[in-house]
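Chain by chain, the residues:
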Amino acid sequence: MQDVIIVCAGSYGKEAYWVLHENNRQAKLKGLEEPYNILGFINDKLDALDGYDINEPILGTIQDWYPKGDEKYVMGLGTPKDKKMLAEKLMARGFQFINAVSDLANVSPDIKMGIGCLITMGSTVGCEVELGDFTNINGSMIYSGAKIGSYSTTTGFTVVENATVKEGVYIGSKAVITNGCTVGAWSQVAVGSVVTEDVRPGVTVFGMPAQEIG
Amino acid sequence: MKDLVIVCEDSFGLDVKMIAEGMDAYYVKNNRGHLFDIIGFICPENVKEKLQFKTLPFLSTIEDYQVSDNMVFAMGIVDPGRKEKYIRLLKEKNAEFVTLWAPWVLAPLTMKFKEGCIIAAHSIKENAEIGEFVTMFHSMAGGAKVGSFSSIMSYANVTTADIGEGVYIAPNCAVMENVVVGEKSVIFPNSVVVKNVKANTKVSGIPARKVKD
């Protein structure tokens, strides 16, 4: 059983918690040892879990926390820029991140995945998909052959066909990235957008078909 | 146990492979033995140079492939027109197509799917009418009628619609109650179809409107 602490107790931190918690429950139902001992969260706001049905505590603040033993960490942040900044800062302090992949996700065994990834229940990740470090696949459909760069985040009902999403991209709910497109690094695809052409780095696109805005 | 050949023109062939593996594993887990040995893929001549997979070997172009006994085919082409074209080509060589369904599909146990379907839909009700060679990939089919050769892609919801033959419904669409979508139409991604769509029409938007050529 692996000791695990979740970094951040916001919405993505809670998603990460439920992935680990549900994986434990699934193991127990099968008569297996629970894989995770969830020690708690670290978060700069110590009351972030007030009112939530989560028993595990906030152990301390992120700014003051250092690894204590063999515990591993799960990244609970969704915004790409913040995720990268925090991941680099914490890894420099010796934090060791692991992937959290829901047993209720449909994930091909032959995907390539970096470290610190989160794949929530309801996601499908097809064959030969490549996920960089600290990617979040949150209730999304990633078709076989797609590539998702480090620190990128896909959200509910996003569909990425056989496309390439570069580093640090945020894809809003129900967006569709169609076959063959490349979404440039650090860009954003707004909710419900349909990307039919390559997206330049660093821009925001919106609409059907998606066009640059702002 | 039969040799399974996947027919594809892009990496959707790997998605079909994943469904086939899941179905085979389900049979093994329920002590019914292996269904298939997935031996590789065949593809159209015009894509063979750019289609390479690490986990699924290339066998031949569709045009050159020699069909043999103890071999079945799974149709991994989603474009309805090309799907039908290559099915007819392979049928001329006496190819037999198999229907694949993902183990998590919620469908009545009595439901019998017609030849060559790829069923990975989230729910299918007992009053659904599904034609031949229909692809339903992570979509909601409910009690819909879906014509042969049609493809309904991820998160599309067609639960009580009447979908004609050869229709392509892109990801995240919704086709509203009792709407009729004419044959060989295309519904673009994220569209919401609230009125009947004539045959051979492309529609897009919320609500979906005819797309100008």
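Residues numbered from 1 in each chain as written. Chains lettered and ligands numbered in written order. Predicted model: local features only at pLDDT ≥ 70, side-chain atom pairs only at ≥ 80, totals over all residues. Heavy atoms only, no water.

Please set out the packing of aromatic side chains residue by residue, giving values where relevant.
Applying the stated criterion across every chain yields a total of 20 aromatic pairs over all chains. Between A:Phe95 and A:Phe97, the aromatic rings sit 6.3 Å apart at their centres with planes inclined by 25°, giving stacked as the arrangement. Both residues of the pair, A:Phe95 and A:Phe97, count as buried. Plain terms: the ring middles of B:Tyr26 and B:Trp101 are 5.5 Å apart, the flat faces sit at 75° to each other, and that makes the pair edge-to-face. Taken together, the residues B:Tyr26 in helix α1 (residues 12-29) and B:Trp101 in strand β5 (residues 100-101) connect sequence positions 75 residues apart. Aromatic ring contacts, followed pair by pair, group A:Tyr73, A:Phe95, A:Phe97, A:Phe134 and A:Tyr151 into a single cluster. Sitting above the plane of the A:Tyr66 ring, A:Arg93 keeps its charged end 5.0 Å from the centroid. Sitting over the face of the ring of B:Tyr27, B:Arg32 holds its NZ or CZ atom 4.3 Å from the ring centroid. (Phe/Tyr/Trp six-rings, centres within 6.5 Å; stacked < 30°, edge-to-face > 60°. Buried < 20%, exposed > 50% of the residue type's maximum accessible area, 1.4 Å probe, protein only. Helix = DSSP H or I, 4+ residues; strand = E, 2+ residues; numbered from the N terminus. Lys NZ or Arg CZ within 6 Å of the ring centre and 35° of its normal.)

Explain the sheet that holds strand β3 (residues 58-61) of chain B residue by residue, including any values.
Residues and elements named next belong to chain B. Taken together, 4 strands build an open sheet; the order of strands is β3-β2-β1-β4 and the sheet is parallel. Two strands bound the open sheet, and with one partner strand each, they are β3 and β4 (71-75). On average, adjacent strands in this sheet sit at an angle of 35° to one another, irrespective of strand direction. Bridge analysis of strand β1 (residues 2-7) against β4 gives 5 bridges, and the strand direction is parallel. (Pairing = 2+ DSSP bridges. Axes fitted to C-alpha atoms, helices over the stretch in contact; angles between N-to-C directions.)

Describe the nonpolar core, naming the residues involved and giving the relevant values.
Residue and element names in this part refer to chain B. Membership of the largest hydrophobic core comes to 65 residues, with the highest contact counts inside it found for Leu100, Ile124, Met136, Ile169 and Val175. At the level of secondary structure, the elements contributing two or more residues to this core comprise β1, α1, β2 (36-43), β4, β6 (118-120), β9 (135-137) and β14 (168-169). Broken down by element, the residue count for this core peaks at 8 residues, all from α1. Looking at which domains feed residues into this core, each of domain 1 (2-98) and domain 2 (100-197) gives three or more. (Core = buried A, V, L, I, M, F, W, Y, C linked by side-chain atoms within 4.5 Å. Domains from an automatic or database assignment.)

Help me get a handle on the sheet that holds strand β15 (residues 159-160) of chain A, residues and values and all.
All names here are of chain A. Spatial ordering of the open sheet is given by β6-β9-β12-β15-β18-β21, a layout of 6 strands whose pairing is parallel. Edge strands, defined here as strands with exactly one partner in the open sheet, are β6 (106-107) and β21 (194-195). Sheet topology places strand β12 (residues 141-142) next to β15; 2 bridges connect them, and they run parallel. Counted as the bridge partner of Ile142 is Val160 from β15.

Quick rundown of the domain arrangement of chain B? Include the residues and the values.
Residues and elements named next belong to chain B. Split into domains, chain B comes out as domain 1 (2-98) and domain 2 (100-197). Taken over C-alpha atoms, the centre of domain 1 sits 21 Å from the centre of domain 2. Tallying the contact residues gives 23 residues for domain 1 and 20 residues for domain 2. Where domain 1 abuts domain 2, roughly 1800 Å² becomes buried across the two surfaces, and 74% of that area is made up of carbon and sulfur atoms. It is Ile19, Pro80 and Lys83 that lose the most area in domain 1 upon contact with domain 2, and together they represent 29% of the buried surface on that side. Counting the contacts that link domain 1 with domain 2 gives 1 salt bridge. Put simply, Lys91 and Glu115 hold a salt bridge, and the shortest N to O gap is 2.7 Å. (Contact = heavy atoms within 4.5 Å. Buried area = accessible area lost by both parts, 1.4 Å probe. Salt bridge = Lys/Arg side-chain N within 4 Å of Asp/Glu carboxyl O.)

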